[in-house]
Amino acid sequence: MTSIKPEMSVSVIDDMIEVWFLFDRGIGKKPLENLLNCYLEIGCSTQQDGQEDTCKYQPPDFKDPTQIINTEQAFNRIASAQKGGLELWYEDIRVDVEVNLDTSVFPATNHISLKIWSSQFKDHGKGGSTPIDRVLWFLDLVCRLIKYLKPKYAFGSLYGERNSGESIAQQALDDGRIPGIFWINLFTSEMISQVGEEKLLSAPAWKVEKITKNYILLVTTNSPLSYKQEADEIASFLDI
């Protein structure tokens with residue numbers, strides 16, 4: 001079941017958008033290895049032009065600069081170390097994928113994150129895609145990863161517009177409590193039970209979608225550049 005509300009206006013902010021997939025246990029070498037080696041199945045490329053021989057790889061230690069190395073080698077390094085990052089392309093957007101990097105707001109929590117510059121969601125006049133096209137592509141990638149990774153919790157926001165990582169992890173991972181409303185919000189089965197599925201699906205959000213039996217994705221507005229007022233209204237509606 002999907003509910004999409006009318007588009008809302010976009011304010012101009014230049015920042016980083018981050019989506020976090022949190023896990024209460026180790027991600028595991030095999031699932032991570034499978035994910036990284038199945039990026040083509042997810043629909044990603046390591047190059048904007050579709051060439052897959054090399055990619056931009058971020059070593060676990062940020063003191064080491066980003067490297068251009070063989071794609072398979074980068075995947076194997078991340079799977080083996082359970083840490084690292086790389087740059088992927090999905091449709092017309094560039095996304096950085098990071099695994100358990102210590103610079104995260106979740107240094108002690110197992111996580112995978114997607115990072116994308118907010119400028120990609122503005123009308124930059126390049127190519128034939130629009131900001132809403134790129135938002136929908138990004139959300140499609142998020143949904144694909146949720147279905148594949150089955151995280152304990154996931155959310156996305158503008159950098160700096162969130163509670164502390166420790167608070168979010170404690171509420172979402174320890175007892176399934178809802179830690180707040182962000183731009184992107186994944187409601188797990190425990191959280192759906194707290195709110196009520198019917199009420200959640202009728203929330204005044206731009207997009208509410210039941211993506212699997214145990215997951216409902218709620219997206220506050222049609223752009224990550226302006227959503228605070230709508231997030232407060234949704235939180236009030238859901239009694240969070």
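Residues numbered from 1 in each chain as written. Predicted model: local features only at pLDDT ≥ 70, side-chain atom pairs only at ≥ 80, totals over all residues. Heavy atoms only, no water.

1. Looking at the overall build of the protein
No. 1: What the protein contains, in helices and strands, is eight helices and twelve strands.
No. 2: Taking as baseline every contact in the protein between residues at least 6 positions apart, the subset at least 24 positions apart corresponds to 65%.
No. 3: Accessible area of the protein: about 11,200 Å², with a carbon and sulfur share of 47%. (Helix = DSSP H or I, 4+ residues; strand = E, 2+ residues; numbered from the N terminus. Contact = heavy atoms within 4.5 Å. Areas by Shrake-Rupley, 256 points an atom, 1.4 Å probe, with all protein chains shown as cover.)

2. Focus on the packing of helix α1 (residues 29–37) against helix α4 (residues 131–149)
No. 1: With their axes 11 Å apart at the nearest point, α1 and α4 run at an angle of 145° to one another. With respect to the hand of their crossing, α1 and α4 are arranged in right-handed fashion. Packed against α1, whose contacting residues are Pro31, Asn34 and Leu35, the element α4 presents Leu145, Tyr148 and Leu149 at the interface.
No. 2: Residues belonging to the contact of α1 with α4 are distributed by class as follows: five nonpolar, one polar and no charged. (Axes fitted to C-alpha atoms, helices over the stretch in contact; angles between N-to-C directions. Left-handed = near helix turned anticlockwise from the far one by under 90°. Nonpolar A, V, L, I, M, F, W, Y, C, P; charged D, E, K, R; others polar.)

3. Quick notes on empty space enclosed by the protein
No. 1: One pass over the full model with this rule turns up one cavity of 30 Å³ or more.
No. 2: In this structure, the largest cavity spans a volume of roughly 120 Å³.
No. 3: Lining the largest cavity are 13 residues, and of these Leu35, Ile42, Leu88, Val97 and Leu145 sit closest to its centre.
No. 4: When its residues are assigned to classes, the lining of the largest cavity shows 13 nonpolar, no polar and no charged. (1 Å grid on protein atoms, 1.4 Å probe; cavity = no way out; pocket = protein on both sides within 12 Å on 5 of 7 lines; lining within 4 Å. Points joined across faces, edges and corners; volume = space filled by probe spheres on them.)

4. A look at helix α3 (residues 71–81)
No. 1: Among the residues of α3, Thr71, Ala74, Phe75, Ile78 and Ala79 are the ones counted as buried. Summarising the axial view, the buried residues of α3 lie within an arc of 130°, below the 170-degree limit, and thus occupy one face. Away from its buried face by more than 90 degrees, α3 exposes Glu72 and Ser80.
No. 2: On its buried face, α3 is in contact with α1, α2 (39–42), β4 (54–58), β5 (67–70), β6 (84–90) and β7 (93–99).
No. 3: The backbone nitrogen of Glu72 lies 3.0 Å from a side-chain oxygen of the residue at the head of α3, namely Asn70.
No. 4: At the C-terminal side of α3, Gln82 shows a positive phi close to 60°. (Buried < 20%, exposed > 50% of the residue type's maximum accessible area, 1.4 Å probe, protein only. Arc of directions from axis to C-beta. Polar contact = N/O pair within 3.5 Å; in protein donor to acceptor, adjacent residues only side chain to side chain.)

5. Examining the pairing of strand β8 (residues 110–117)
No. 1: With six of eight residues buried, β8 lies mostly within the body of the structure.
No. 2: By the bridge criterion, eight bridges tie strand β2 (residues 16–23) to β8 in an arrangement that is antiparallel. Within the sheet, the bridge partner assigned to Val19 lies in β8 and is Leu114.
No. 3: One ladder, built from four bridges, connects β7 with β8; its direction is antiparallel. Following the sheet pairing, Glu98 is matched in β8 by Ser113. (Pairing = 2+ DSSP bridges.)

6. Focus on the packing of aromatic side chains
No. 1: A full pass over the atoms with the stated rule returns seven aromatic pairs.
No. 2: Ring geometry for Tyr153 and Phe155: centres 5.9 Å apart, planes at 20°, overall stacked.
No. 3: For Tyr153, a relative accessible area of 2% corresponds to the buried category.
No. 4: Through successive ring pairs, a cluster of aromatic residues spans Trp20, Phe106, Tyr153, Phe155 and Phe182. (Phe/Tyr/Trp six-rings, centres within 6.5 Å; stacked < 30°, edge-to-face > 60°.)

7. Focus: the environment of Ile192
No. 1: Mapped onto the secondary structure, Ile192 falls in helix α6 (residues 189–195).
No. 2: In sequence terms Ile192 and Ile216 are 24 residues apart; their C-alpha atoms lie 7.7 Å from each other.
No. 3: With near-sequence residues (within four places) excluded, Ile192 lies in contact with Phe187, Glu197, Leu200, Asn214, Tyr215 and Ile216.

8. Considering the side chain of Lys207
No. 1: Topologically, Lys207 is positioned in strand β11 (residues 207–212).
No. 2: The class for Lys207 is buried, based on a relative accessible area of 12%.
No. 3: Within the structure, Lys207 has its side chain in polar contact with the side chain of Glu209 (distance 3.5 Å).

9. Observations concerning the environment of Trp183
No. 1: Note on placement: Trp183 falls in the loop between α5 (165–174) and β10 (184–187).
No. 2: Along the primary structure Trp183 and Val219 are separated by 36 residues, whereas in three dimensions their C-alpha atoms are 5.6 Å apart.

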